[in-house]
Amino acid sequence: MMAKAARAAAAWRTYREVTKPGSPALMTRVRAIPRMIGAVMRGQYDGMGKGKLSLLALGVVYIVSPVDVLPDFLMLIGVADDFGVFLWLVASLLGESGRYVQHERSVIQSRVEGPVEGLEQA
């Protein structure tokens, strides 16, 4: 029962974060996921480590794998564990990709506002 409440709370937090004014929109976050993965793999984004990326990859493998910790033939329990991993995976990816989009925006902003050539600081 507690696990269901925790999954529901995580889903609600993700929904609130995605719909918060000024935060990246859902599709912006989804499109940023491949860029984020590439940046983490190249070491260009410190906001997420390779360890967390590996955990997310294991979550994907668990969902698509025919081998489960709790077999699906145990109807509610077997499907619930897959759904729990799915909710965790989606919440993690959307949260991390939102932070990555904010990071990209700050990098672009700093390049635009960067030092102007030829001007010396006093």
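Since the model is a prediction, treat every value here as computed from it, not as a measurement.

Concerning the packing of aromatic side chains
If you walk through the whole model with that rule in mind, you get 2 aromatic pairs. Each ring, one from Tyr45 and one from Tyr100, has its centre 4.9 Å from the other, and the planes form 80°; the classification is edge-to-face. Separated by 55 residues along the polypeptide, Tyr45 in the loop between α2 (26-42) and α3 (50-64) and Tyr100 in helix α4 (residues 75-112) bring together distant segments of the chain. With a relative accessible area of 7%, Tyr100 lands in the buried category.

A word on the nonpolar core
Residues Met36, Val40, Tyr45, Met48, Leu56, Leu93 and Tyr100 are the most contacted members of the largest nonpolar core, which totals 13 residues. Looking at this core, the elements with two or more residues in it are α2, α3 and α4. Sequence-distant contacts of Tyr100, defined by excluding residues within four places in its chain, comprise Ala32, Arg35, Met36, Ala39 and Tyr45.

Structural notes on the pattern of salt bridges
Where charged atoms from two side chains of opposite charge approach closely, those side chains can pair. This model, assessed by the stated rule, comprises 3 salt bridges. Close ionic contact of Lys52 with Glu96 constitutes a salt bridge, the shortest N to O distance being 3.2 Å. Placement of Lys52 in helix α3 and of Glu96 in helix α4 is noted, with a sequence separation of 44 residues between them. Of the residues examined, Lys52 reaches a relative accessible area of 33% and is grouped as partly exposed. Salt-bridge contacts for Glu96 lead to Arg99; the nearest nitrogen and oxygen are separated by 3.3 Å. Of this pair, Glu96 and Arg99 both sit in helix α4, 3 residues apart, roughly one helical turn. Among the residues examined, Glu96 registers a relative accessible area of 6% and is labelled buried. Overall, the relative accessible area of 42% leaves Arg99 in the partly exposed class. What emerges from the salt-bridge pattern is a single network uniting Lys52, Glu96 and Arg99.

What to know about the confidence of the model for the chain
Mean pLDDT over the chain: 82, with 80% of residues reaching 70 or higher. For the chain, the element scoring lowest by mean pLDDT is helix α1 (residues 2-19), at 73; α2 scores highest, at 94.

Observations regarding α2
Its 17 residues give α2 an end-to-end C-alpha distance of 25 Å, which sits within 8% of 24 Å, the value for a rise of 1.5 Å per residue. The largest bend along α2 reaches roughly 40° and is located at Ile33, with the proline Pro34 sitting one to four residues downstream. Buried within α2 are the following residues: Arg29, Ala32, Ile33, Met36, Gly38, Ala39 and Val40.

Criteria and cut-off values
Residues numbered from 1 in each chain as written. Predicted model: local features only at pLDDT ≥ 70, side-chain atom pairs only at ≥ 80, totals over all residues. Heavy atoms only, no water. Phe/Tyr/Trp six-rings, centres within 6.5 Å; stacked < 30°, edge-to-face > 60°. Helix = DSSP H or I, 4+ residues; strand = E, 2+ residues; numbered from the N terminus. Buried < 20%, exposed > 50% of the residue type's maximum accessible area, 1.4 Å probe, protein only. Core = buried A, V, L, I, M, F, W, Y, C linked by side-chain atoms within 4.5 Å. Contact = heavy atoms within 4.5 Å. Salt bridge = Lys/Arg side-chain N within 4 Å of Asp/Glu carboxyl O. pLDDT = per-residue confidence, 0-100. Expected span 1.5 Å × (residues − 1). Bend = angle between axes of the 7 residues up to and from the residue.

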